[in-house]
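Residue-level listing of the chains:
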Amino acid sequence: MKLISLVPVGRIARSHMEILAEGLAPSLQASCRVNADRLDIDFAYDPLRGQYHSTAILKRLRSMPGTDGARLLGVAEVDLFIPIFTFVFGEAQLGPANDSAAVVSLHRLRQEFYGLPADVPLQTDRLLKESLHEIGHTLGLRHCRDYRCVMSSSPAVENIDLKSAQFCPACAERLDWSAEHGKAV
Ligand SMILES: [Zn+2]
Ligand SMILES: [Zn+2]
């Protein structure tokens, strides 16, 4: 079954989660639901960096109750990192089939982060693209060289704005709901 469970990670407005679920469902032709329980993320905080370790969050996400049989997408508002990078917009991990998880954060998708006035539609669009990208990794996709494809890599927010919220035909054909094993940002 094509089922995505969106898990609130730390404090995040439920409205963000619901709008995202509505955006994801048609793009993935999947059922998307918002999980009732949220994941507390104090354990993932790194006081030296002032950021949250996304790999640690991914591990904990998979033990959340009520998420059996679904691919998981954690949605956060805090700044995420993995040790080799300054920050990540998100991270994905493939476990055994139907036990995969991804996490994304709004933190660096907001215009305010860059000292600009808030732009909610733009932030919503960026969150949808980054969510599709990370879920794409859990469905076996790697980075795409087509800069318009949602699977192209985005080192900066400008790259996110350049790409579309769609998989290119080649990536769309490779989406594999039984994909297993792998790790990507
Ligand atoms: Zn592609
Ligand atoms: Zn990626």
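Structure report, in brief.

What about the pairing of strand S2 (residues 31-34)?
Right, so step 1: With four bridges joining them, strand S1 (residues 3-9) and S2 adopt parallel strand pairing. Following the sheet pairing, isoleucine 4 is matched in S2 by cysteine 32.
Right, so step 2: This β-α-β element, S1 to helix H1 (residues 14-28) to S2, shows right-handed connectivity.

Concerning helix H2 (residues 54-61)
Right, so step 1: Taken residue by residue, H2 has Ser54, Ile57, Leu58 and Leu61 as its buried positions. Buried residues along H2 cover an arc of 105° about the axis, so they all sit on one side.
Right, so step 2: Those residues of H2 that are buried lie in contact with S1, strand S4 (51-53), strand S5 (71-76), strand S6 (80-81), strand S7 (90-94) and strand S8 (101-105).

Quick word on the environment of serine 100
Right, so step 1: Within the secondary structure layout, serine 100 lies in the loop between S7 and S8.
Right, so step 2: Linking serine 100 and glutamine 123, residues 23 residues apart in sequence, is a C-alpha distance of 25 Å.

Here's the deal with the environment of valine 103
Right, so step 1: Assignment of secondary structure puts valine 103 in strand S8.
Right, so step 2: Residues in contact with valine 103, not counting those within four places in the same chain, are Val9, Ser54, Ile57, Leu58, Leu61, Gly74, Ala76, Leu80, Gly90 and Glu91.

Considering the sheet that holds S6
Right, so step 1: The mixed open sheet is built from three strands, whose spatial order is S3-S4-S6. At either margin of the open sheet sits one strand with a lone partner, and together these are strand S3 (45-46) and S6.
Right, so step 2: Note that S3 and S4 share two bridges and pair antiparallel. From the neighbouring strand, tyrosine 45 faces S4, where its bridge partner is tyrosine 52.

What counts, and at which threshold
- Residues numbered from 1 in each chain as written.
- Chains lettered and ligands numbered in written order.
- Predicted model: local features only at pLDDT ≥ 70, side-chain atom pairs only at ≥ 80, totals over all residues.
- Pairing = 2+ DSSP bridges.
- Helix = DSSP H or I, 4+ residues; strand = E, 2+ residues; numbered from the N terminus.
- Right-handed = clockwise from strand over helix to strand, strands pointing away.
- Buried ≥ 20, exposed ≤ 12 C-beta atoms within 10 Å, placed from the backbone.
- Arc of directions from axis to C-beta.
- Contact = placed C-beta atoms within 7 Å.

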